[in-house]
Amino acid sequence: MNHFYTIRLNRKKIILSTVIVLAAAILIWTQTPSIMAMFTKDEPAALSKGNEDLEDVAVTFNISWGEEKVESILEVLEKEEVQATFFVSGEWAERHPDLLEAISEGTHEIGLLGYRYKSYLDQEPEQIRQDLIKAQEVMDKLGYEDIRLLRTPHGHLNEEIIELAESMQFQVVHWNVNPDDWENPGVESIIDEVMEQTENGDIILLHASDSAKQTAEALETVLPGLKNKGYGLITISEMVNQAKADTELID
């Protein structure tokens, strides 16, 4: 089966490290009716976009610290009947099991950001492995077993990191719409960025850490706005399954 690293280099859609950009130069651009993909046979891959033929997008959140913003975000998601995917650090989950339970009870999907929110590009492979093992142990202890979705801290990754994660049975997930909500650019700026940039199959990166002071308010417009444009709001697991189906078609 071909693996693929889907990527779209539109304005502010995705910021990759120099390592990824250089690695990307040796790959082959291939476009099918379903996905725009950059891949080589048998290479490790990170999902950053789903099926372009389907009017589905995934809303995702990163949480690595704080406790003040999660509940308000969950309230908006419940009001709009949207299931999202929350990527949490093991360290955060350990400190806030009650908030993790609230996320789970809201039928939202949970993925990992590792244990400590520290760039994997600054760590040796064995350090990364131990970080992931510790994150898994924490989640298992809290009753959340078999979590297989991983977003690397800060989105920093390279082929070696992806390969290591895959060897531990993780699906690495990136994004391609990023309104930088954690910088608090203004509610209207967050809304405009998401509504103007989002296309079929996109993965939207938002934050539920305490730094994201405008995200909940922006969601009150973004979520119904995406629905009004005809998008279905799905989880990353649903998108991964769609992407795997597309990959099988490429074989």
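Residues numbered from 1 in each chain as written. Predicted model: local features only at pLDDT ≥ 70, side-chain atom pairs only at ≥ 80, totals over all residues. Heavy atoms only, no water.

As recorded by an unreviewed UniProt entry, the protein carries the name Peptidoglycan-N-acetylglucosamine deacetylase and is attributed to Oceanobacillus oncorhynchi.

A look at the confidence of the model for the protein
Keep this limit in mind: Values of pLDDT, ranging from 0 to 100, describe the predictor's confidence in every residue of the model. The contact criterion used throughout is that any non-hydrogen atoms of two residues lie within 4.5 Å.
Scored by pLDDT, the protein comes out at a mean of 84, with 80% of its residues at no less than 70. Counted against residues more than four places away or in other chains, residues 1-41, with its pLDDT under 50, gives 108 contacts.

Considerations on the packing of helix α5 (residues 125-141) against helix α6 (residues 159-167)
Our working definition: Orientation is described by lines fitted to C-alpha atoms, with helices fitted over the stretch in contact, and by angles between N-to-C directions that extend from 0 to 180 degrees. Secondary structure follows DSSP: runs of H or I at least 4 residues long count as helices, runs of E at least 2 residues long count as strands, and numbering of each begins at the N terminus. Throughout this description, any angle smaller than 35 degrees is read as roughly parallel, any larger than 145 degrees as roughly antiparallel, any in the 65 to 115 degree range as roughly perpendicular, and the remainder as oblique. Take the far helix as your reference; a near helix turned counterclockwise from it by less than a right angle gives a left-handed crossing, and one turned clockwise gives a right-handed crossing. Only Asp, Glu, Lys and Arg are considered charged, only Ala, Val, Leu, Ile, Met, Phe, Trp, Tyr, Cys and Pro nonpolar, and every remaining residue, Gly among them, polar.
At a minimum axis separation of 11 Å, α5 and α6 run at an interaxial angle of 40°. It follows that α5 is oblique to α6 by the angle criterion. α5 and α6 meet at a crossing whose hand is right-handed. Where α5 abuts α6, its residues Pro 125, Ile 128 and Arg 129 lie against Glu 160, Ile 161, Leu 164 and Ser 167. Residue composition of the contact of α5 with α6, grouped by class: four nonpolar, one polar and two charged.

Comments concerning the packing of aromatic side chains
Basically, it comes down to this: Ring pairs are drawn from Phe, Tyr and Trp, using the six-membered ring of Trp, whenever the two centres fall within 6.5 Å, and their geometry is named by plane angle: stacked under 30 degrees, edge-to-face over 60, tilted for the rest. Burial classes: relative accessible area under 20% of the type maximum marks a residue as buried, over 50% as exposed, and values in between as partly exposed (1.4 Å probe, protein chains only). Charge-over-ring placement is defined geometrically: NZ (Lys) or CZ (Arg) within 6 Å of the ring centre, and within 35 degrees of the ring normal.
What the rule picks out here adds up to one aromatic pair. For the ring pair Phe 61 and Phe 86, a centre distance of 4.8 Å and an interplane angle of 15° mean the geometry is stacked. You can see Phe 61 sitting in strand β4 (residues 56-63) and its partner Phe 86 sitting in strand β5 (residues 85-88), a full 25 residues away along the chain. Classification of Phe 61 by relative accessible area gives buried; the value is 0%. Seen from the ring of Phe 170, Arg 148 lies directly overhead, with NZ or CZ sitting 5.8 Å from the centre.

A closer look at unusual backbone geometry
One non-glycine residue with positive phi stands out, namely Asp 146, at about 60°. As for its position among the elements, Asp 146 is in the loop between α5 and β7 (149-150). If you check the backbone angles, His 154 has positive phi at about 65° while not being a glycine. Residue placement: His 154 occurs in the loop between β7 and α6.

Quick notes on a negative patch on the surface
Heads up, the condition is: Candidates for patches are residues over 30% relative accessible area with no salt bridge; among them, like charges are joined within 9 Å and nonpolar side chains (Val, Leu, Ile, Met, Phe, Trp, Tyr) within 5 Å. Residue burial considers only the protein chains on display, and all accessible areas are found by Shrake-Rupley using a 1.4 Å probe. In the sections that follow, a salt bridge refers to a side-chain nitrogen of Lys or Arg positioned within 4 Å of a carboxyl oxygen of Asp or Glu. Positive residues here are Lys and Arg, negative ones are Asp and Glu, while His and the chain termini are left out of the count. Every charge is mapped onto a representative atom, which is NZ of Lys, CZ of Arg, CG of Asp or CD of Glu.
A contiguous patch of negative charge on the surface is contributed by Glu 67, Glu 68, Glu 71, Glu 75, Glu 78, Glu 81, Asp 98, Glu 101 and Glu 105. Where the negative patch is concerned, the elements lending two or more residues are α2 (70-79) and α4 (97-105). Tracing the sequence through the fold places Glu 71 in helix α2.

Points about the pairing of β4
Spelled out, the test is: Any two strands with at least two DSSP bridges between them are considered paired.
Taken across its eight residues, β4 has eight buried, putting it largely inside the fold. The two faces of β4 match: Asp 56, Ala 58, Thr 60 and Asn 62 on one face and Val 57, Val 59, Phe 61 and Ile 63 on the other face are all buried. As defined by bridge partners, β4 adjoins strand β10 (residues 232-234) across three bridges and the pair is classed as parallel. Note on β10: the bridge partner recorded for Asp 56 is Gly 232. When β4 meets β5, the two strands line up parallel, connected through four bridges. The residue of β5 that forms the bridge with Ile 63 is Val 88.

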